[in-house]
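Residues per chain, in single letters:
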Amino acid sequence: MARRRRIYEGKAKILYEGPEPGTLIQYFKDDASAFNNQKRGVIEGKGVLNNRISEYLMSRLAEIGVPTHFVRRLNMREQLVREVEIIPIEVVIRNHAAGSIAKRFKIEEGTPLPRSIVEYYYKSDELGDPMVSEEHITAFGWATTQDLDDMLSLGLRVNDFLIGLLLGVGLKLVDFKLEFGRLYTENDEMRIVIADEISPDNCRLWDARTNERLDKDRFREDLGNVKEAYQEVARRLGVLT
Ligand code: UDP
């Protein structure tokens, strides 16, 4: 459908020009990738589920006053979002050890962390998203100290809120990744907002009782029933239609 201009195509989503200036359409694909694109696959129906799950979580965040780029869902695979300048930093927030931190420090997966740990990664496929410190981020000009302050306080608020919301439906928020953007308002003010998506593609979600993994680790580690896991998350959140 050549009805609009494609602005950007990533691994799991495509961004199209939006209906009015300052907006974009975010299209959710079924494509999955892991380990810096070394593993690729298709999870049938994932785009539809992530569109719904992210719509739901972004909307609940907006209700508590956390600014996001999300405007509204348009259809099964698309949502209208505000155009932002993406900050090239992935913010990872961890509540339990899993994935890279479990490996680096030889901590058993699932071990609760004494407090939430925040990590920053520089978004670069070429470099394999290296972990960076605040010093690197400000020295190389990827974000200012003010941007970082806003990202940290928003990130921790999102974490506290999502821990509770998800536990309410029997899910443990083990860790997740957030992306942020700069939103420029009409009077040329700038606000940091949550961008991208919040879904089982970028959260580790375990069943609170059994620790069953209900997220992209099922794809990363070939655990099977990947689509079913995403469906289960959507079902628990009440967005499976
Ligand atoms: N994550 C992500 N995109 C990335 C890297 C990590 O969404 O490029 C998410 C991942 O799904 C997990 C959290 O960030 O919820 C922490 O990931 P980790 O550093 O453990 O890396 P991984 O083991 O996933 O490679």
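Note: the structure precedes this text.
Given the structure is predicted, the values throughout are model-derived calculations rather than measurements.

Pairing in this open sheet of five strands is antiparallel, and the strands run β1-β2-β3-β7-β6 from one edge to the other. Unpaired on one side and paired on the other, β1 (6–9) and β6 (70–73) mark the two borders of the sheet. Direction aside, neighbouring strands of the sheet carry axes that sit 25 degrees apart on average. The strands touched by helix α1 (residues 46–63) are β3 (23–28), β6 and β7 (78–82); relative to β6, the strand with the most contacts, the crossing angle is about 130 degrees.

Another point: unusual backbone geometry. Phi at D129 is positive, roughly 50 degrees, even though this residue is not glycine. Following the sequence through the fold, D129 ends up in the loop between β10 (112–122) and β11 (131–132). For N211, which is not glycine, the phi dihedral falls at a positive 65 degrees. Among the structural elements, N211 can be located in the loop between β14 (203–207) and α5 (217–220). A residue is classified by how much of its surface remains accessible, and N211, at 30% relative accessible area, is partly exposed.

We now examine the layout of surface pockets. Approximately 380 Å³ is the volume attributed to the second largest pocket. Taken together, 19 residues line the second largest pocket, and the ones lying closest to its centre are G22, R82, L183, Y184 and E186. Secondary structure elements with two or more residues in the lining of the second largest pocket: β6, β7 and β12 (171–184). It is β6 that contributes the most residues to the lining of the second largest pocket, three residues altogether. When its residues are assigned to classes, the lining of the second largest pocket shows nine nonpolar, four polar and six charged.

Cut-offs applied
- Residues numbered from 1 in each chain as written.
- Predicted model: local features only at pLDDT ≥ 70, side-chain atom pairs only at ≥ 80, totals over all residues.
- Heavy atoms only, no water.
- Pairing = 2+ DSSP bridges.
- Helix = DSSP H or I, 4+ residues; strand = E, 2+ residues; numbered from the N terminus.
- Axes fitted to C-alpha atoms, helices over the stretch in contact; angles between N-to-C directions.
- Contact = heavy atoms within 4.5 Å.
- Buried < 20%, exposed > 50% of the residue type's maximum accessible area, 1.4 Å probe, protein only.
- 1 Å grid on protein atoms, 1.4 Å probe; cavity = no way out; pocket = protein on both sides within 12 Å on 5 of 7 lines; lining within 4 Å.
- Points joined across faces, edges and corners; volume = space filled by probe spheres on them.
- Nonpolar A, V, L, I, M, F, W, Y, C, P; charged D, E, K, R; others polar.

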